[in-house]
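# Commentary on secondary and tertiary structure
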Amino acid sequence: MADRLRPRVAYFCMEFGLHEDFRIYSGGLGILAGDILKAAKEGRYPLVGVGILWRQGYVKQHISSDGRVYDCFTDYQYSFLKDTRLKVNLLIRGRQVVCKVWKCEAFANVPLYLLDADLPENPDRLITGQLYGWFSEERIAQEMILGIGGIRALRALGLKIDIYHFNDSHPVLAATELIREEMETDQVSFEEAWKRVRRQIVFTTHTPVPAGNEEHEHELLRYMGAYNGLTFGQMLKLGGDPFNMTVAGLRLSKRANAVSKLHAVTARKMWQDVTQAAPILAITNGVHGKTWQDERIRRAYAQGGDLWAAHVLAKRELLKEVYRRTGIHLREDALLIGFGRRAASYKRSDLIFKKKKVIEPLLRTKKIQLIFSGKAHPNDLKGKEIVSNLVKMAKEYAESVVFLEDYDMKLGKLLTRGCDVWLNNPIRPMEASGTSGMKAALNGVLNLSVLDGWWPEGCKHGVNGWQIGNGYQGPKADQIDSQSLYQVLLKEVLPVYYHNRSRWIKMMRASIKTAEDKFTALRMLKDYYTLMYSNP
């Protein structure tokens, strides 16, 4: 498709992960958004990003000597941002809030416009302080800035936009501004304005976990000013009562998508009772190769070089970082299994410890080594318990298990390049995609995973990685999946690693081929333009 014929897209997201030093991201959602902006630049797609400049970013998380998690927030300044010299206003809680508009193009990405309320004229200048911080009022205020403020920023910039892409439900209030514009400019009814606006919106739904789908009481939305000129009856038609942000996203878009084929099945079932919902397509996520693939690995794979030697160099760098952070020397010649994820109970980070009589001898003899990393949301006490439990395991098996605190993009790169195996064992079907496994696959790090998220589309058991279980869903998941995990680990993974190096390297090559062929951000963006943006 010629550039001039491609729809001009504004991609809205609460967070963007472009670089570890630009701390306006928390995890997978933001890193996906950052990868899309980089792929758009690489593929010359007419797309811009719209987000928020989080002055304190997401939480920095550390572990005390007794294993407890504590949170730190730091003010950040970024010299690489460009001042557009534009400001936009919106009413929040009956008060004018002014937002400055910054522009970021520093990381080989298309323009990203960021709204910033940290200005002297604002009494509530910390609204854009912490990503996912605070509670309901502040969350709504932040979503108003992203959505309503984001549309006003695009207007102030003079950008002509054909399609508004809401990545998850946080930007949904942008639609209230688009509807208000139609009603005021053309004096049309709410229903007609909704119909017109819907042709311009696409929506990506992510988590199939109910807690990840926000709901707000209408009285609070009204108090905050989130109705933005609409009535209770009109907002009720969009999001129900209480106002469900995902339901609104489905009713406001011409098309929606899930982020893997299995997730599409789950999402359609989950939202099947929503009237007037957009059809939910399956567009599986992808990752940005130049960001996540080690250059030595890429070159060795492309040129038919020594892939194992390149892998060993990446592994050494990871082990050096482990020693720097923990003082623990892990062995270069022992199997290294990585697990880096948000601390959530459904991800089952401790599944591998379920039967100590099986796993303990392997750890005591250093036949396997485990590296864990991850963060819990500051208000998620259960998540912090999960982190503390992993820290406890690291102390119990101090020479073969480590936990690396304050998981970020830098650590994510080291892990997905330097581990031998990438472990993923969520409760199926609760993992929407799982892009960290794609990053590992790009580097020849072999996936050992439950058939959830992207892995059912990528897995060729024993060829490019291994599956855990056969896709069981039900109350015995822990028992069945742990039994399969031990079976595959003992009977397949360990024998190949220690006794069949040539086969392991062959599997590494197959893993890289799978990732490069099917799971890149460029492929994903092409699918968005073909299936979501360009179709009427």
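Okay, so let's go over this structure. Throughout this description, residue numbers start from 1 for each chain and increase along the sequence as written. The predicted origin of the model limits local features to residues at a pLDDT of at least 70 and limits the giving and counting of side-chain atom pairs to 80 or more, whereas totals for whole chains, interfaces and linings rest on all residues. Excluded from the side-chain calculations are hydrogens and water; all other atoms, namely the structure's heavy atoms, are used.

## With respect to the overall build of the protein
- The helix count covers DSSP runs of H or I at least four residues long, the strand count covers runs of E at least two residues long, and both are numbered beginning at the N terminus. When its secondary structure is counted, the protein shows 19 helices and 19 strands.
- By the compact-globule yardstick of 24 Å for 536 residues, the protein fits well, its C-alpha radius of gyration being 23 Å.
- Projected onto the principal axes, the alpha-carbon positions of the protein cover approximately 75 × 50 × 45 Å.
- Relative accessible area decides the class of each residue, using a 1.4 Å probe on protein chains only: under 20% of the type maximum gives buried, over 50% gives exposed, and in between gives partly exposed. For the protein, with 536 residues in total, the buried portion stands at 62%. The atom set for the radius of gyration is the C-alpha atoms, and the globule formula is 2.2 Å times the number of residues raised to the power 0.38.

## With respect to the packing of aromatic side chains
- A pair of aromatic rings is counted whenever rings of Phe, Tyr or Trp (Trp by its six-membered ring) have centres within 6.5 Å, and the orientation is called stacked for planes under 30 degrees apart, edge-to-face for over 60 and tilted otherwise. Enumeration according to the criterion identifies 23 aromatic pairs in this entry.
- Both rings, one in Y11 and one in F16, keep their centres 6.3 Å apart while their planes meet at 65°; by these two values the pair is edge-to-face. A single burial state applies to Y11 and to F16, both of which are buried.
- Arranged with centres 5.1 Å apart and planes meeting at 80°, the rings of Y497 and W504 form a pair that is edge-to-face.
- Taking relative accessible area as the criterion, W504 reaches 0% and is therefore assigned buried.
- Seen from the ring of Y498, K367 lies directly overhead, with NZ or CZ sitting 5.6 Å from the centre.
- For the cation-ring pair, R501 lies above W308, with the distance from its terminal atom to the ring centre recorded as 3.9 Å. Counting as a charge over the ring demands two things of the Lys NZ or Arg CZ atom: a distance within 6 Å of the ring centre and an angle within 35 degrees of the ring normal.

## A short note on the sheet that holds strand β15 (residues 368-373)
- By the convention used here, strands pair only if DSSP detects at least 2 bridges between them. With parallel pairing, six strands are arranged side by side in an open sheet as β16-β15-β14-β17-β18-β19. At either end of the open sheet lies a strand with only one pairing partner, and these are β16 (401-404) and β19 (465-468). Taking the axes of each pair of neighbouring strands and ignoring which way they run, one obtains an average angle of 20° across the sheet.
- Both β15 and β16 contribute to a ladder of four bridges, which runs parallel. Note that in β16 the partner of I371 across the bridge is V402. Interaxial angles span 0 to 180 degrees and are taken between N-to-C directions of axes, which are lines fitted to C-alpha atoms, for helices over the stretch in contact.

## Thoughts on the nonpolar core
- Counting residues in each nonpolar core, the largest one holds 103 residues, and the members touching the most others are F12, F22, L47, Y164 and Y533.
- Tallying contributions element by element places helix α2 (residues 136-157) first for this core, with nine residues. What makes a nonpolar core is a set of buried Ala, Val, Leu, Ile, Met, Phe, Trp, Tyr and Cys residues whose side-chain atoms join them at distances within 4.5 Å.

## Thoughts on the packing of helix α4 (residues 190-198) against helix α6 (residues 232-239)
- Contact geometry for α4 and α6: axes closest at 12 Å, N-to-C directions at 35°. Helix-helix and strand crossings are classified by hand; for α4 and α6 the assignment is right-handed. Across the interface between the two elements, F190, E191 and W194 from α4 touch Q234, K237 and L238 from α6.
- Under the convention adopted here, Pro, Cys and the residues Ala, Val, Leu, Ile, Met, Phe, Trp and Tyr are nonpolar, Asp, Glu, Lys and Arg are charged, and Gly plus all remaining residues are polar. In the contact of α4 with α6, the residues fall into three nonpolar, one polar and two charged. Definitions for this section: a left-handed crossing has its near helix turned counterclockwise from the far helix by less than a right angle. A right-handed crossing has that turn clockwise. Here, two residues are considered to be in contact whenever any of their heavy atoms come within 4.5 Å of each other.

## Topic: the sheet that holds strand β1 (residues 9-12)
- Here we have nine strands laid out as an open sheet, ordered β5-β6-β7-β2-β1-β8-β9-β12-β13, and mixed in their pairing. Each edge of the open sheet is held by one strand with a lone partner, namely β5 (82-92) and β13 (280-282). Averaged over all pairs of adjacent strands, the angle between strand axes in this sheet comes to 25°, irrespective of strand direction.
- Strand direction decides the pairing type here: β5 and strand β6 (residues 95-104), joined by nine bridges, are antiparallel. The residue of β6 that forms the bridge with L91 is Q96.
- Packing against the sheet, helix α1 (residues 28-43) makes contact with β1, β2 (47-52), β7 (112-116) and β8 (163-167), and its axis sits at approximately 150° to β2.
- Sheet strands touched by helix α19 (residues 521-533): β1, β2, β8, β9 (201-204), β12 (255-258) and β13. Its angle to β12, the strand with the most contacts, is close to 145°.

## Points about the pattern of salt bridges
- Basic side-chain nitrogens of Lys or Arg form a salt bridge, by our definition, when they fall within 4 Å of a carboxyl oxygen of Asp or Glu. Considering all chains together, one arrives at 44 salt bridges under this definition.
- Where E295 meets R299, a salt bridge forms, and the shortest distance between an N and an O atom there is 3.3 Å. Taken together, the positions of E295 and R299, both in helix α10 (residues 295-302) and four residues apart, correspond to about one turn of that helix.
- With relative accessibility at 42%, the residue E295 sits in the partly exposed group.
- Residue R299 is classed as partly exposed on the basis of its relative accessible area, which comes to 34%.

## Looking at helix α11 (residues 307-326)
- Working rule for helices: expected span equals 1.5 Å times residues minus one. An ideal rise of 1.5 Å per residue puts 28 Å on 20 residues; α11 measures up with 29 Å between its terminal C-alpha atoms.
- Under this definition, polar contacts are N or O atom pairs within 3.5 Å; protein pairs additionally need one hydrogen-donor-capable and one acceptor-capable atom, and for neighbouring residues in sequence, both atoms have to be side-chain atoms. Between the side-chain oxygen at the start of α11 and the backbone nitrogen of W308 there is a gap of 3.3 Å, and the oxygen is on D306.
- Looking one or two places after α11, you find G327, whose phi comes out positive at around 75°.

## Details of a nonpolar patch on the surface
- A surface patch of nonpolar side chains, amounting to about 350 Å² of accessible area, comprises L126, W134 and F135.
- Positionally, L126 belongs in the loop between β7 and α2. Patches here are clusters of residues that have more than 30% relative accessible area and form no salt bridge, with a 9 Å joining cutoff for like charges and a 5 Å cutoff for nonpolar side chains (Val, Leu, Ile, Met, Phe, Trp, Tyr). Where accessible areas are quoted, they stem from the Shrake-Rupley method and a 1.4 Å probe; at the residue level, only the protein chains shown are allowed to cover.

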